[in-house]
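Summary of structural features
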Amino acid sequence: MKTINIAIDGPSGAGKSSISRTVANELGFIHADTGAMYRAIGLYAIRHDCLEPEKLIEKLKNIRVELKFIGGVQRVLLCGEDVSDYIRSPEVSMAASAVSAVGEVRAHLLDLQKKIAAENNVIMDGRDIGAVILPHADLKIFLTASAEERASRRYLELREKPDCPPYEKILEDIVQRDYNDSHRAIAPLQKAEDAVLLDTSNMGFNEVVEHVTAMIREILD
Ligand code: DC
């Protein structure tokens, strides 16, 4: 059976994951957040002190990443341990950005990402999904927003937490990660030529969800 594959790419904090999750839920698709896989490897590198590429490459054969979908909700497993709740800290974000620049790490995750798409109707989000992982996706969307808008959304999300960083620090991290993700040699963040560009700087969450859902429904008809 041919599965429906939707690729959503874009920079950090553009809302890819929350939009993809909500739309997938509405359409009965699964949502595969590939950033979580890089985050799991980043966590492994922190825990095992192997952030340098040579050390990490040596350990790759021991690093087993899996996605489980429980009631449509993604959990990420690292060597059998559910690490979903430990991969969202700023430290893991930076580690994920670093490990994702290593070609061997990307190759390590490629088969898993392709297999998920071959077996499921999926909305897969990341940085290189439309350009590299699913070049024949049924629909490709490049979701973006200005760095300031993305930082202010993240700040609003985090501000109730006791260790919420100041807005300026969040913005600085976003600008740094944008730079890292789009200047690396291998699979840099890029809009696939045939992807639809959606700039959400001036759109509300529900508006984006409706827009993306409508685009997908159109190709399903
Ligand atoms: O989407 P995210 O912020 O959770 O992603 C974490 C890091 O992983 C980010 O720095 C970019 C990287 N990444 C990637 O290189 N390729 C992907 N398909 C997904 C994420």
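Check the entry above for the structure.
Being a predicted model, the structure only gives us computed values, none of them experimental. (Residues numbered from 1 in each chain as written. Predicted model: local features only at pLDDT ≥ 70, side-chain atom pairs only at ≥ 80, totals over all residues. Heavy atoms only, no water.)

1. Thoughts on the sheet that holds strand β7 (residues 139–144)
Using the following cut-off: Here, strands pair whenever DSSP counts at least two bridges between them. Helix and strand definitions here come from DSSP, where helices need a minimum of 4 consecutive H or I residues and strands a minimum of 2 consecutive E residues; each element is numbered from the N-terminal end. The convention used is that axes are lines fitted to C-alpha atoms, helices contributing only their stretch in contact, and that angles between N-to-C directions extend from 0 to 180 degrees.
Spatially, the five strands line up as an open sheet ordered β2-β6-β1-β7-β8, and their pairing is parallel. At either margin of the open sheet sits one strand with a lone partner, and together these are β2 (30–33) and β8 (196–199). For this sheet the average axis-to-axis angle between neighbouring strands, irrespective of direction, equals 20°. Examined bridge by bridge, β7 and β8 share four bridges and lie parallel to one another. Looking at β8, one finds that L143 is bridged to L198.

2. What about the side chain of K140?
The cut-off we apply is this: N or O atoms closer than or at 3.5 Å make up a polar contact, with two conditions inside protein: a donor-capable atom paired with an acceptor-capable one, and, for residues adjacent in sequence, both atoms drawn from side chains. For this analysis, residues touch if any pair of their heavy atoms sits within 4.5 Å.
Assignment of secondary structure puts K140 in strand β7. Within the structure, K140 has its side chain in polar contact with the side chain of D194 (distance 3.1 Å). In contact with K140, not counting residues within four places along its chain, are A7, G130, L134, P135, A192, D194, A195 and V196.

3. As for the environment of D181
Locating D181 in the fold gives a position in helix α8 (residues 167–183). Considering only alpha carbons, one finds D181 and S97, 84 residues apart in sequence, at a separation of 6.8 Å.

4. Some thoughts on the side chain of R106
The test is simple: For every residue, the accessible area (1.4 Å probe, protein chains only) is compared with the maximum for its type, and the residue is labelled buried under 20%, exposed over 50%, or partly exposed between those bounds.
Along the chain, R106 falls in helix α5 (residues 103–119). The class of R106 is buried, set by a relative accessible area of 7%. With sequence-adjacent residues up to four places away left out, R106 is seen in contact with Y38, S100, D128, R184, I186 and A187.

5. Brief notes about the nonpolar core
Basically, it comes down to this: Take the buried residues of types Ala, Val, Leu, Ile, Met, Phe, Trp, Tyr and Cys, join any two whose side-chain atoms come within 4.5 Å, and each joined set is a nonpolar core.
Of all hydrophobic cores here, the largest spans 35 residues; its most connected members are I41, L56, I63, V65, V76, I116 and M124. Looking at this core, the element that brings in the most residues is helix α2 (residues 34–47), giving eight residues. If near-sequence neighbours (up to four positions away) are discounted, I41 is found in contact with L56, I63, V65, V99, V105, H108 and L109.

6. Focus: the sheet that holds strand β5 (residues 81–82)
Pairing is antiparallel in the open sheet, where three strands are placed in the order β3-β4-β5. Each edge of the open sheet is held by one strand with a lone partner, namely β3 (65–70) and β5. With two bridges joining them, strand β4 (residues 73–78) and β5 adopt antiparallel strand pairing. Among the inter-strand pairings, L78 is bridged to a residue of β5, identified as E81.

7. Regarding the pairing of β3
One ladder, built from six bridges, connects β3 with β4; its direction is antiparallel. Among the inter-strand pairings, E66 is bridged to a residue of β4, identified as L77. Taken together, β3 and the strand that follows it, β4, pair antiparallel across an intervening segment of two residues, in which G71 is found at a positive phi of about 55°.

8. Points about the pattern of salt bridges
The cut-off we apply is this: For this document, the term salt bridge refers to a Lys or Arg side-chain nitrogen within 4 Å of an Asp or Glu carboxyl oxygen.
In the structure shown here, the tally under the stated rule is 17 salt bridges. Residues R150 and D178 are paired through a salt bridge, measuring 2.7 Å at the closest nitrogen-oxygen approach. Of this pair, R150 sits in helix α7 (residues 147–158) while D178 sits in helix α8, placing them 28 residues apart in sequence. Residues R150 and D178 agree in their burial class; the two are buried. Overlapping salt bridges bring together R75, D82 and D85 as one network.

9. With respect to the pairing of strand β1 (residues 5–9)
Walk down a regular strand and you will see the side chains alternate between the two sheet faces. Within β1, five of the five residues are buried, leaving the element largely enclosed by the surrounding structure. Residue alternation in β1 divides its side chains into two sets, N5, A7 and D9 and I6 and I8, and both sets are buried. Where β1 lies against strand β6 (residues 122–126), five bridges are found, and the strand directions are parallel. By the bridge assignment, I8 is partnered in β6 with D125. Bridging between β1 and β7 involves four bridges; their strand directions are parallel. Bridging across to β7, I8 finds its partner in I141.

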